[in-house]
Amino acid sequence: MIESPVFVAGHGGMVGSAVCRRLASIPGIEVITRTRKELDLCEESQVNEFFSKNRPSTVIFASAKVGGIHANKTFPVEFLSDNLRQELATIHASYRNGVRRFLFLGSTCIYPRMAAQPIKEQELLSSPLEQTNEAYALAKIAGLKLCQYFRQQYGVMYHSAMPTNLYGPGDNYHPDHSHVLPGLIRRFHEAKIRGDETVTMWGTGTPLREFLHVDDLAEAILHLCQLDNPPDWVNVGTSVDVSILDLAHLVAKTVGFTGKILTDPTKPDGTPRKLTDTTLIRSTGWAPKIVLERGIVSTYECFLKEQGAGDLRSK
Ligand code: GDP
C-alpha cells in the first residue's frame, strides 16, 4: 500500500506527470503537487514551510534540472548546484516532518564511463565518471547517498531508483537541450514537413543506449514504494540497447521521413555504452512492458497532439 498523502515533486516533468497519471488510477490516494512558482525546491525555508503544513507520508522526488548531452556540457554549474540544493532541502524537510517513504530518482549516468556492461548497481563509484554529464551525475550520487545514510543512521525508508534513458509523453523537445529521442522525433518530423532530403544527427551514431518508456518507470516507482525492504538504489531499465544510428532509422520510419540520415562526428558521442543490468529489480517482481518500437509510435502520436494543442515542451 502506498501511504497517502503523496507529494510528487516535479509533477510537471515527464516522470512526475507519468507518476501522477498512475497514482490517479488508485482509489483513495491524495496526491499533492506544487508548481515551481508555488514552491521553489531550492529554497530551504519554503520547503520546510510546505512540509510542515502539508505533512505528506510519501515523497516521490522526480524534480531535477535535466537536459541532454549539450545542455549538461554547457551548464555544469546549474546542473550541480540546482540539483544539490533541491535534494538537500527536500530530503531534510522530509525527515524533519515525518515522511515515512521517500523515493529518490536519479539516472544511470551516475555510473562510471567505463563501467562493466551490463552495469550492476555495485559499479557505483568504482572509477571516473563520463565528463559530459559529470555535474548532474555528482548531484544524483549525493542524493542517493544521502537517502542511504538517512536510512542507515535514522532508520527511515528512504531509497532510490536509477532509470536508464527515458522517453514518452510530456518530453522536452528543445532543439539543442533535449535528449536524443525527442531531439530526433522533432528533427525528422520537421524535415518531413519541409521536404528535406537529409537529416543530420549528432555524433558518430555508434554509441549504444537503452530506452525505457516513462509509463514503465511509473509502474516501477509505485512497485518499489510498496516493498518492505527495497534496495538502497536499483537500476530501472529494459537491459536491451540500440545504436544511436539504428534509433535514428527507427524514428525516421515512424515519422515517415524517407530521406538520407547523416552523422556529425564533430558533436560529442558521450559515453560509448550505458546498458543496465536489471536483475535486481526483476528479482523483486517488476519487468518493463512497453517495447521500443511501440513506445516510439505512441510517443510520436503524443508529440503531434502536444504540438497541435500548442503545449509542446521546449525549454
Ligand atoms: P546521453 O545518453 O547522456 O549521452 O544523452 P543524449 O540523449 O543527449 O545523447 C545520446 C546520444 O545520442 C549521444 O551519443 C548523442 O551524440 C546522440 N545524438 C544524436 N542526435 C542527437 C540529438 O539530436 N540530440 C541529442 N541530445 N543527442 C543526439
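Quick note: structure is the one above.
Below is a summary of the structure that appears in this document.

Calculation notes
Residues numbered from 1 in each chain as written. Predicted model: local features only at pLDDT ≥ 70, side-chain atom pairs only at ≥ 80, totals over all residues. Heavy atoms only, no water. Helix = DSSP H or I, 4+ residues; strand = E, 2+ residues; numbered from the N terminus. Buried < 20%, exposed > 50% of the residue type's maximum accessible area, 1.4 Å probe, protein only. Contact = heavy atoms within 4.5 Å. Pairing = 2+ DSSP bridges. Axes fitted to C-alpha atoms, helices over the stretch in contact; angles between N-to-C directions. Expected span 1.5 Å × (residues − 1). Core = buried A, V, L, I, M, F, W, Y, C linked by side-chain atoms within 4.5 Å. Near = heavy atom within 4 Å. Polar contact = N/O pair within 3.5 Å; in protein donor to acceptor, adjacent residues only side chain to side chain. Areas by Shrake-Rupley, 256 points an atom, 1.4 Å probe, with all protein chains shown as cover. Nonpolar A, V, L, I, M, F, W, Y, C, P; charged D, E, K, R; others polar. Salt bridge = Lys/Arg side-chain N within 4 Å of Asp/Glu carboxyl O.

Focus: the side chain of Asn-83
For step 1, the next point in the chain: Inspection of the secondary structure assignment puts Asn-83 in helix H4 (residues 76-96).
For step 2, the next point in the chain: Overall, Asn-83 belongs to the buried group, its relative accessible area being 1%.
For step 3, the next point in the chain: If we skip the residues at most four places from it in the chain, Asn-83 touches Ala-64, Lys-65, Glu-78, Tyr-136 and Ala-139.

Some thoughts on helix H1 (residues 14-24)
For step 1, the next point in the chain: The buried fraction of H1 amounts to eight of the 11 residues, a majority that puts the element mostly inside the structure.
For step 2, the next point in the chain: Those residues of H1 that fall on the buried side of the exposure criterion are Met-14, Val-15, Gly-16, Ser-17, Ala-18, Val-19, Cys-20 and Leu-23.
For step 3, the next point in the chain: Here the buried face of H1 lies against strand E1 (6-9), strand E2 (31-32), strand E3 (58-61), strand E4 (101-105), strand E6 (165-167) and helix H7 (214-224).

Here's the deal with the sheet that holds strand E10 (residues 241-243)
For step 1, the next point in the chain: Taken in spatial order, the three strands make up an open sheet running E6-E8-E10, and their pairing is mixed. The open sheet has two edge strands with one neighbour each: E6 and E10. Neighbour to neighbour, the strand axes of the sheet diverge by 50° on average, direction disregarded.
For step 2, the next point in the chain: Where E6 lies against strand E8 (residues 208-213), three bridges are found, and the strand directions are parallel. Bridging from a neighbouring strand, Tyr-167 pairs with His-213 of E8.
For step 3, the next point in the chain: Running over the sheet, H7 touches E6 and E8 and is turned about 65° from E8.

A few points about H4
For step 1, the next point in the chain: Its 21 residues give H4 an end-to-end C-alpha distance of 30 Å, which sits within 8% of 30 Å, the value for a rise of 1.5 Å per residue.
For step 2, the next point in the chain: When H4 is considered as a whole, its buried residues turn out to be Phe-79, Asn-83, Gln-86, Glu-87, Ala-89, Thr-90, Ile-91, Ala-93 and Ser-94.
For step 3, the next point in the chain: On its buried face, H4 is in contact with helix H2 (44-54), E3, helix H3 (69-74), E4, helix H5 (134-154) and strand E5 (157-163).
For step 4, the next point in the chain: At the exit of H4 stands Gly-98, carrying a positive phi of roughly 75°.

Things to note about the environment of Pro-112
For step 1, the next point in the chain: Within the secondary structure, Pro-112 sits in the loop between E4 and H5.
For step 2, the next point in the chain: Note on Pro-112: relative accessible area 3%, which makes it buried.
For step 3, the next point in the chain: Separated by 14 residues in sequence, Pro-112 and Ser-126 place their C-alpha atoms 6.8 Å apart.
For step 4, the next point in the chain: Once residues lying within four places of it in the same chain are set aside, the contact partners of Pro-112 are Glu-123, Leu-125, Ser-126, Ser-127, Pro-128 and Leu-129.

Observations concerning the nonpolar core
For step 1, the next point in the chain: Core analysis: the largest hydrophobic core is formed by 37 residues, its most contacted members being Phe-7, Phe-51, Phe-102 and Tyr-158.
For step 2, the next point in the chain: Where this core is concerned, the elements lending two or more residues are E1, H2, E3, H4, E4, H5 and E5.
For step 3, the next point in the chain: For this core, the element with the highest residue contribution is H5, accounting for eight residues.
For step 4, the next point in the chain: The residues contacting Phe-7, other than those within four sequence positions of it, are Ile-32, Thr-33, Arg-34, Leu-39, Leu-41, Phe-50, Phe-51, Pro-56, Thr-58, Val-59 and Ile-60.
For step 5, the next point in the chain: Among the nonpolar cores identified, the runner-up in size contains 30 residues, and Leu-23, Ile-221, Leu-224 and Val-234 belong to it.

Digging into the site of the ligand
For step 1, the next point in the chain: Around the ligand sit 17 residues, and of these Ser-178, Arg-187, Arg-209, Pro-268 and Asp-269 come closest.
For step 2, the next point in the chain: Within the side chain of Arg-187, one N or O atom sits 2.5 Å away from an oxygen atom of the ligand.
For step 3, the next point in the chain: One nitrogen or oxygen atom from the side chain of Lys-274 is found 3.3 Å from an oxygen atom belonging to the ligand.
For step 4, the next point in the chain: Against a free-state accessible area of 540 Å², the protein chains account for coverage of 97% of the ligand.
For step 5, the next point in the chain: Of the residues forming the shell around the ligand, the biggest block, three residues, is contributed by helix H6 (residues 180-194).
For step 6, the next point in the chain: Considered class by class, the residues forming the shell around the ligand number eight nonpolar, five polar and four charged.

Considerations on the pattern of salt bridges
For step 1, the next point in the chain: The final tally for this structure, using the stated rule, is 13 salt bridges.
For step 2, the next point in the chain: Of the charged contacts, one joins Arg-22 and Glu-219 as a salt bridge, the two residues approaching to 2.5 Å between their closest N and O atoms. Of this pair, Arg-22 sits in helix H1 while Glu-219 sits in helix H7, and the two are 197 residues apart along the sequence.
For step 3, the next point in the chain: Since its relative accessible area comes to 27%, Arg-22 is described here as partly exposed.
For step 4, the next point in the chain: A salt bridge links Arg-273 to Asp-241; the nearest nitrogen and oxygen atoms lie 2.8 Å apart. With Arg-273 in the loop between strand E11 (260-264) and helix H9 (279-283) and Asp-241 in strand E10, this residue pair connects regions lying 32 residues apart in the sequence.
For step 5, the next point in the chain: For Arg-273, a relative accessible area of 30% puts it in the partly exposed group.

Structural notes on the sheet that holds E2
For step 1, the next point in the chain: Taking strand neighbours across the sheet as the criterion, the six strands line up as E2-E1-E3-E4-E5-E9 in an open arrangement whose pairing is parallel. What marks the edges here is a single partner per strand, and that holds for E2 and strand E9 (233-236).
For step 2, the next point in the chain: The sheet contact formed by E1 and E3 spans four bridges and is parallel. Counterpart to Val-8 in the pairing with E3 is Ile-60.
For step 3, the next point in the chain: Relative to the sheet, H7 contacts E3, E4, E5 and E9, its axis offset from that of E4 by approximately 145°.

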